[in-house]
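Overview (structure and organization)
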Amino acid sequence: ADGMAQMNGVGEDVKSLTIGFIGAGNMAQAMITGWLSAGILSPSQIWCSAPTDRSVVAVKKLGVNTTTSNKDCAQTNKIVVLAMKPHILPIALEDILPVITSDHLVLSVVAGVKLSTLEKRFPDGTRVIRLATAGTTCAVREAATVFSVGKCATRADSALVETLMSAFGTCAELKESLISAASAHITPGHMLLAVAAMADGGVLCGLPRHVAQTLAAQTMIVCDMPG
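Please read all numbers here as calculations on a predicted model, not as lab measurements. (Residues numbered from 1 in each chain as written. Predicted model: local features only at pLDDT ≥ 70, side-chain atom pairs only at ≥ 80, totals over all residues. Heavy atoms only, no water.)

**Notes on the sheet that holds strand E8 (residues 169-173)**
Pairing in this open sheet of eight strands is mixed, and the strands run E3-E2-E1-E4-E5-E6-E7-E8 from one edge to the other. The open sheet has two free edges, formed respectively by strand E3 (65-67) and E8, since each of these has just one partner strand. Between one strand axis and the next, the sheet turns through 25° on average, direction left out of account. Judged from the four bridges that link them, strand E4 (residues 79-82) and strand E5 (residues 105-108) form a sheet pairing that is parallel. By the bridge assignment, Leu 82 is partnered in E5 with Ser 108. Against the sheet, helix H2 (residues 26-38) touches strand E1 (19-22) and strand E2 (46-49), its axis set at about 155° to E1. The sheet contacts of helix H8 (residues 155-166) involve E1, E4, E5, strand E6 (127-132), strand E7 (143-149) and E8, and relative to E8 the element is tilted by about 155°. (Pairing = 2+ DSSP bridges. Helix = DSSP H or I, 4+ residues; strand = E, 2+ residues; numbered from the N terminus. Axes fitted to C-alpha atoms, helices over the stretch in contact; angles between N-to-C directions. Contact = heavy atoms within 4.5 Å.)

Spelled out as structure tokens, the structure:
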């Protein structure tokens, strides 16, 4: 169902799945870090691909499986996460399309790319889910994630995504038309600007900058507490 959800436990289905990331950049690293920290997945359940050995150095330090073949990564894992910048997506799709089948669940965190765009490229019946989240917040397990399901995705797919993404924060399923609006509310940059403005105000009133910054940041933390 739509709405915010917290992870209430990890089912055996999650413990038995494997996930392959196409892309080994900041977003992949943050999501993997969050899942490993939460204990919802083990390093052996995660694969990550990037074009060169150098590209996978950082993610390899997390203990996950790595490869320089996007095709092999997609072929090995029935859950595939597209985690690259939009201009890289066409190249990655060319690599993995020959091995994607209707058995795959494709999760996309590629900014601005609509479900319809992806569904047109994949074989009929491929289940696709679009997600929006902020990388840094995933790593520290304080993320806010929204997602929208494609026409072939099942309720079981939605439940799985909700469980996975709730492992490092809150998660809501939305109509795709609302994803862009929601994205503006889940990145920490706006809050950081508010903290900086509060700190600047404190400095103008005579506070040492480090004190002003600490007070502003602590006040922001308190705003998230119940009651």
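**Points about unusual backbone geometry**
Of note, Arg 141 is a non-glycine position whose phi angle comes to about 60°, a positive value. Of note, Arg 141 is situated in the loop between helix H7 (135-139) and E7. Since its relative accessible area comes to 35%, Arg 141 is described here as partly exposed. (Buried < 20%, exposed > 50% of the residue type's maximum accessible area, 1.4 Å probe, protein only.)

**Thoughts on the confidence of the model for the protein**
Scored by pLDDT, the protein has a mean of 87; 88% of the residues are at 70 or more. Predicted confidence is poor over residues 1-12, with pLDDT under 50, and the contacts of this stretch with residues over four places away or in other chains come to 25 contacts. (pLDDT = per-residue confidence, 0-100.)

**Points about the environment of Ala 217**
Tracing the backbone through its elements, the reader meets Ala 217 in helix H11 (residues 209-223). Taking the C-alpha atoms as reference, Ala 217 lies 8.7 Å from Leu 192; in sequence the two are 25 residues apart.

**Focus on the environment of Val 99**
Along the polypeptide, Val 99 turns up in the loop between helix H5 (89-96) and E5. For Val 99, a relative accessible area of 10% translates into the label buried. Counting along the chain gives 28 residues from Val 99 to Lys 71, while the straight-line C-alpha distance between them is 6.8 Å. Those residues within four positions of Val 99 in sequence are excluded, and the remaining contacts are Lys 71, Ala 74, Gln 75 and His 104.

**Brief notes about the nonpolar core**
Core analysis: the biggest nonpolar cluster contains 37 residues, and Ile 19, Phe 21, Trp 35 and Leu 41 have the highest contact counts within it. Elements with a contribution of two residues or more to this core: E1, H2, E2, E4, E5, E6, E7 and H8. Looking at this core, the element that brings in the most residues is H2, giving five residues. Leave out the neighbours within four places in its chain, and Trp 35 touches Ile 19, Phe 21, Ile 40, Leu 41, Leu 164, Met 165, Ala 167 and Phe 168. Residues Leu 89, Ile 96, Ile 100 and Leu 118 belong to the second largest nonpolar core, which totals 20 residues. (Core = buried A, V, L, I, M, F, W, Y, C linked by side-chain atoms within 4.5 Å.)

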